[in-house]
Amino acid sequence: PDTAHTVVGGMEHRSNKVDSTAYDADGRTFKSAFLQHEWQLAERFNAVYGARYDDVSVGGSQVSLQAGAVWQAAPLARLRFNYAQGFKAPDDRVLYVDQTNPQGVPMLGAEVIAAARGKTTAHALKPETSETWEVGLAGGNTQWQYGLSLFRSDIEERIEQVREGSAPLTYNTFRNISAARIRGIEAEGSWRIRHNLRARIGLTRLRTENLDTGARLLATPHTLANLSVDYTPTQNWMLQAIVRHTGSQDYSGTTATERADAYTLVNLKASYLPPSSPGLEIYGGINNIFDEKIDTALGSDPGPYLYAGVRYRF
């Protein structure tokens, strides 16, 4: 076989239904197909490119292209370039949600009609399309790794949550804004402190803009950061401490755009891999151990909570 060429392809067909008075009785169908070719052009340079076709019964269809390349410039430096087109059909939530949020404001999908709560007509949503360019640098060894990337996404028909209606019958719904731009920088790294102790850190800074109004995009924090420490006292145990920071973000308030405060969550997790059962993982943990408060405009605030589970990998 020619090891310089790898071709991957696939197809998908699925359908789903939602219990909603606004939902089409036949449900929605999702069909897609993709084909990708990876080409090792030289010992230290490879390229990958491909195409994907999406067809959604409620949302439209599109062919999206993608191309990228990686050059091993030095033992500890890989340069990466990538270009990708994106297609995102409206999901069931933005079309058919019918509930009340923690602030007591109705959340009504585009297709929902609820005259008693102020929404008397349905409206259509177009799919989002995008173009993304990314350049990056990465490298490392068994002791440490790093990564740095710059990216820009230009989005057409971005779907955002908006506040509509008039007092006392106001509600949240979803609309297309004609154009948006997201630019950002992402940095990550890890360091093996000891043979069984590793620290990982990540930081993302975003600059977002609604190109129609010049305002920040809603529900998009400009800073995301995380820090985790993984400790493996034995081959079968892993203990993790994870800190996640989410910066301030704007949302559609009762009468104008408002800003939700930043918040930081601290989580603990433990995983056990029984040596007698390869592939089995027993895990559990506690999230938000310090009971950090989250603005209810962003969703529910459950406070600290415990979880446990079992997972099996074939």
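For the structure, see preceding data.
Residues numbered from 1 in each chain as written. Predicted model: local features only at pLDDT ≥ 70, side-chain atom pairs only at ≥ 80, totals over all residues. Heavy atoms only, no water.

Q: Honestly, the pairing of strand β16 (residues 263-272) in this entry has me stumped. Any pointers?
A: The side chains of a regular strand alternate, first on one face of the sheet and then on the other. Across ten bridges, strand β13 (residues 237-246) lies against β16 in antiparallel orientation. What sits directly across from methionine 238, in β16, is serine 271. Inspection of the sheet shows β16 paired to strand β17 (residues 280-287) by five bridges, in the antiparallel sense. From the neighbouring strand, leucine 268 faces β17, where its bridge partner is isoleucine 286. (Pairing = 2+ DSSP bridges. Helix = DSSP H or I, 4+ residues; strand = E, 2+ residues; numbered from the N terminus.)

Q: Would you explain the pairing of β17 in this entry?
A: Note that β17 and strand β18 (residues 305-312) share eight bridges and pair antiparallel. The residue of β18 that forms the bridge with glycine 284 is alanine 308.

Q: For this particular structure, what's the right way to read the nonpolar core?
A: Across soluble globular proteins, you tend to see nonpolar side chains buried next to one another. The biggest cluster of nonpolar side chains holds nine residues, and these are Val94, Leu95, Tyr96, Val97, Met107, Ala110, Leu125, Ile159 and Phe174. Broken down by element, this core gets its largest block of residues, three residues, from helix α1 (residues 92-96). For leucine 125, the residues in contact, after removing those within four places along its chain, are Pro90, Val94, Leu95, Ala110, Ile159, Phe174, Arg175 and Asn176. (Core = buried A, V, L, I, M, F, W, Y, C linked by side-chain atoms within 4.5 Å. Buried < 20%, exposed > 50% of the residue type's maximum accessible area, 1.4 Å probe, protein only. Contact = heavy atoms within 4.5 Å.)

Q: Can you help me understand the side chain of asparagine 46 in this one?
A: Within the secondary structure layout, asparagine 46 lies in strand β3 (residues 45-56). Residue class for asparagine 46 comes out buried when judged on its relative accessible area of 15%. Beyond its immediate sequence surroundings of up to four residues, asparagine 46 is in contact with Glu38, Trp39, Gln40, Leu41, Gly68, Ala69 and Val70.

Q: Got a minute to help me understand the packing of aromatic side chains in this structure?
A: Each pair of aromatic rings is reported with the distance of its centres and the angle of its planes. Going through the model one piece at a time under the given rule, you end up with five aromatic pairs. Where tyrosine 83 meets tryptophan 133, the ring centres are 5.5 Å apart and the plane angle is 50°; that geometry is what we call tilted. Placement of the pair is tyrosine 83 in strand β5 (residues 77-88) and tryptophan 133 in strand β8 (residues 128-140), with a sequence separation of 50 residues. The exposure class of tyrosine 83 is buried, given its relative accessible area of 18%. (Phe/Tyr/Trp six-rings, centres within 6.5 Å; stacked < 30°, edge-to-face > 60°.)

Q: Looking at this model, I keep getting lost on the environment of glutamate 258. Mind explaining?
A: Examined against the element boundaries, glutamate 258 turns out to sit in strand β15 (residues 257-260). Each C-alpha atom of the pair glutamate 258 and alanine 51 lies 40 Å from the other, and the pair is 207 residues apart in sequence. Apart from residues no more than four positions distant in its own chain, glutamate 258 is found in contact with Gln249, Asp250, Tyr251 and Gly253.

Q: I keep staring at the environment of valine 7 and nothing clicks. Help me out?
A: Tracing the sequence through the fold places valine 7 in strand β1 (residues 5-16). Put simply, valine 7 and alanine 47 are 40 residues apart on the chain and 12 Å apart in space, counted from C-alpha to C-alpha. If we skip the residues at most four places from it in the chain, valine 7 touches Leu35, Gln36 and His37.

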